[in-house]
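The primary structure of each chain is shown beneath.
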Amino acid sequence: MGMLNLIDSFNKNIRIRTKMIILILTVLFLSVIPLSIIILNRSQQIVLKMTFEICTNLAQNISNLATEELLINETYDTTKTAIARLKNSEITGLEDSYVINIDGIYVADLTEKKIGQPVPSNILSYFTSLTQVKLKEFANAGKNVLQFSYPISIEYRNMPMRVGTAVFEFDKDKVYESVEKIRKTIIVVSSIIFFAGILIAAYSAIFFSKPIQILTDGARRIGEGDLSHRIKLKGKDELGELARTFNQMTEQIQDFTQNLELKVKQRTEELNRTLEEVRALKIAQDGDYYLTSLLLTPLQPNNNFCSNIKTEVFMEQKKKFSFRKWNSQIGGDICITDTINLNGREYAVFVNGDAMGKSIQGAGGALVLGVVFNAGLMRSRVEKYQNIFPEIWLRERFLDLHNVFLSFDGSMYISVCMGIIDNQSGTMYYINAEHPWTVLYRDGKATFLEEELALRKLGTPGQEDKFHIRMFPLMQGDIVITGSDGRDDLMIPNEEGIEMMNEDETEFLRRVEEGEGNLKKIVEAIMRRGKVTDDISLIRISFKEDIPEESQENLPPPEIQHAIEETSTLLDKGKVEEAYKKVQQSLDENKKFPDMLKLLGKLYYQMGDYLQAIECFEQYLDINPSDNEYLYALSNTYRVFGKLNQAADVGERLYLREPKNILNLLNLAFIYQELKIFGRATMMVEKVLAIDPENLQAKKLLDSIYETKTNSNYASLNHSQNVEQIYKEAEKHYKEKNYLEALRLYEAILLSDRYSSSPRILFKIANCYSYLGEYDKAIVYYNRTIHEDEFNFHAHNNLGGIFFKQGLYEKAKMEWNKALEINSDFETAAMNLKKLDKLLLQKK
């Protein structure tokens, strides 16, 4: 029926087009009439103008001949001759021409009937009034006459004087006869074209309609169910091609109808097979999803058991699926919390990550983070890996993760918020690598802890040099919430009810306040606000939330506080001894107060008692580890006291917190210059100059480092000597216990490319420094030896010996244990351990 309708429509279109052609021809024909009138008028104007010009020329010629005769008014032979000649000129339509003198008498006439007769007075007044050639049209004896009158004048006293009038009368119909012929020709030709067009249009309509009618009848019969009927059109034009196509379609329909049941059955079987294949693939995919979700589950535990720090986790991945009888979810979010011990202090660990990609790709990134981070946690439970500071621990975890994601060459990134919190003081050390800002909820108000982006996602090249650790001291009752993009990726309806993606970054702060810091209420508030379009994961961290308000034990009594203020004033004035006497009486019993410890540290430092200053600063930082000012003071005191390695350790901690602290950068540069680690010293100075290009102290220090390097023992060596010969001389001095000279030669050998990182030479240099009593430098070279040769148990043993001499028994024990791990038969290390155990037992 659709084809039939199409053919009927086609036939109808032809009829409409035929009518349109006839209408157009009619309009064109009717437009010929005004066109012929326009042409007639225009042609008449042209003919009239030409006639006017002819009459003017004739009148001028006659005037030239008749002027004298008209003036004398005696004989008019010349004038009559001129008029008579007009008979032979065969001027079209000229009926009569005559000349009238000044007295109103016809003196010459083309027909010679009026000569000598007077002109009627009414006509004469018209001729008398003429001053130039004038046309007048009138009817005479059933004819339309065009009369041209020309006044004949002479110049008399510079004035024209009329002496007569020449008149020419034309038959208007004869004058315009040619124009009329043109108009009639246009009308006749247009009529012929019009009727010919109508005939052609009618023929075309009949010619095209007949095959279309055949198509229509055939389509109607087929539409009524006669599939055996075929349309009999055999032309090679479009209609014939359409008929053949229609017949082929009818055959296919007939064949399809007869075999429909079989084809439906075959198609159903094909669809069932395809559906089974899709179902099998779906089951396999869900199996992969389920296996991945099972692998992820143990990698993201909430294992924080700190007494003062509580953690709570919410996780909901966007991708939900079912595998057999299990329902699960998968995505790129991951949350991990745990508890570790560093240097005898307990810390809560947390990490919230959001891997790039959806479903299995994101889950792959989360899986990688979970495996690497949990491996780091496992190492941190081994005692020998616990003797590091929280900043160093956090940097190691960052580098572990970052280096792994770098290996994916841009195919996998992950944003993280990762941190470690001191269970005692509440100091939070953390990093944010392109993760949503961390939120602090305090006293009913939610705020962001970060204000600017510091690190890009893990796996982004060049982040190692930008690494630094953020610090935030938590107060009792504080709540910290970190979460993935899902917390802000909401489709929120506007005033018109149209859902739009949330672009307000403070939206989450209002949800935290609405939920009053309660994780469950916060999630409910988010869900009420809009539709979550991404994975969502949140970690809630609270400090001393359910612990009763602490007493103010760390605040000194008013009298002690007054004494501290007075002592500080005396110190500022440079009265060190007077200041010491001020606090000396209550010194021992008030050392527990942080303000007193800070004061005593500064006091001892100015008195030159650096050991006591170090003790006070360390005790103060145990209570308040986030105070960067006194961390710098401790590093500087270590440096002045000569404990360069400890000074470098503390300074590097501050460097991780504040990479742009100029005082600390200069302090580290001094330390590394003394340790002859010139590359690191130069780097610190260059960082200062990048921040403050005009820093005079940095410029002087850079020159000093260069001078120290060039004027050291390395430069004094004649490098043209044979290295092997120098080594023999160094060994000779070493056996003779001439350690200073041996050291000079060993350090010279270290300059050569071949021995620049030789563990053997580094070990001998470390021994020389040890024998010379320069333990800090010896420690540096023992560590360099171990870096180049991790199985050098002699270096571990000797390093333990130095720590033992410095009273660092735990570090000594750790190094001797490492030596025995490498070589269990190493008796020296075993004896040293027994000696240490005996000493520790006696102290107990």
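Everything here concerns the structure above.
Residues numbered from 1 in each chain as written. Predicted model: local features only at pLDDT ≥ 70, side-chain atom pairs only at ≥ 80, totals over all residues. Heavy atoms only, no water.

Asker: Any details on the nonpolar core? Residues and values, ideally.
Answerer: In this structure, Leu 634, Ile 671 and Val 685 are the most contacted members of the largest nonpolar core, which totals 46 residues. Once residues lying within four places of it in the same chain are set aside, the contact partners of Leu 634 are Ile 614, Phe 617, Glu 618, Leu 621 and Val 650. Listed in part, the 39 residues of the second largest apolar core include Phe 373, Ile 388, Met 418 and Ile 431. (Core = buried A, V, L, I, M, F, W, Y, C linked by side-chain atoms within 4.5 Å. Buried < 20%, exposed > 50% of the residue type's maximum accessible area, 1.4 Å probe, protein only. Contact = heavy atoms within 4.5 Å.)

Asker: Can you break down the sheet that holds strand 13 (residues 439-442) residue by residue, with the values?
Answerer: A sheet is described by the order of its strands in space; here 5 strands give the open sequence 6-20-16-13-14, paired in antiparallel fashion. The open sheet has two edge strands with one neighbour each: strand 6 (309-316) and strand 14 (445-448). Strand-to-strand twist across the sheet, computed as the mean angle between neighbouring axes with direction ignored, equals 20°. As paired strands, strand 13 and strand 14 are joined by 4 bridges and run antiparallel to one another. Note on strand 14: the bridge partner recorded for Arg 442 is Lys 445. The strands touched by helix 10 (residues 507-514) are strand 13, strand 14, strand 16 (479-483) and strand 20 (536-543); relative to strand 14, the strand with the most contacts, the crossing angle is about 150°. (Pairing = 2+ DSSP bridges. Helix = DSSP H or I, 4+ residues; strand = E, 2+ residues; numbered from the N terminus. Axes fitted to C-alpha atoms, helices over the stretch in contact; angles between N-to-C directions.)

Asker: Describe helix 19 (residues 678-691), and please don't skip the residues or the numbers.
Answerer: An α-helical segment advances 3.6 residues per turn. Residues three or four places apart therefore align on the same side. End to end, helix 19 covers 20 Å across 14 residues, agreeing with the expected 20 Å (1.5 Å per residue, within 8%). Taken residue by residue, helix 19 has Phe 678, Ala 681, Met 684, Val 685, Val 688 and Leu 689 as its buried positions. Seen along its axis, helix 19 keeps its buried residues to an arc of 140°; they face one direction. Turned more than 90 degrees from where helix 19 packs its buried face, Gly 679 and Ala 690 sit exposed. (Expected span 1.5 Å × (residues − 1). Arc of directions from axis to C-beta.)

Asker: Which residues make up unusual backbone geometry, and what values do they have?
Answerer: Positive phi outside glycine occurs at Asn 343, with the angle close to 50°. Structurally, Asn 343 can be placed in the loop between strand 9 (333-342) and strand 10 (345-355). Overall, the relative accessible area of 38% leaves Asn 343 in the partly exposed class. A positive phi angle is found at Lys 676, which is not glycine, with a value near 60°. Looking at the element boundaries, Lys 676 is found in the loop between helix 18 (662-674) and helix 19.

Asker: If you had to explain the side chain of Arg 487 to someone new, which residues and values would you point to?
Answerer: You can see Arg 487 is positioned in the loop between strand 16 and strand 17 (490-493). When its relative accessible area of 2% is taken as the criterion, Arg 487 is described as buried. Among the polar contacts listed, one links the side chain of Arg 487 to the backbone oxygen of Trp 437, at a separation of 2.6 Å. A distance of 3.4 Å separates the side chain of Arg 487 from the side chain of Asp 488, its partner in a polar contact. When near neighbours in sequence (up to four residues on either side) are disregarded, Arg 487 contacts Pro 436, Trp 437, Val 439, Phe 448, Ile 481, Thr 482, Phe 508, Ile 526, Ile 536 and Leu 538. (Polar contact = N/O pair within 3.5 Å; in protein donor to acceptor, adjacent residues only side chain to side chain.)

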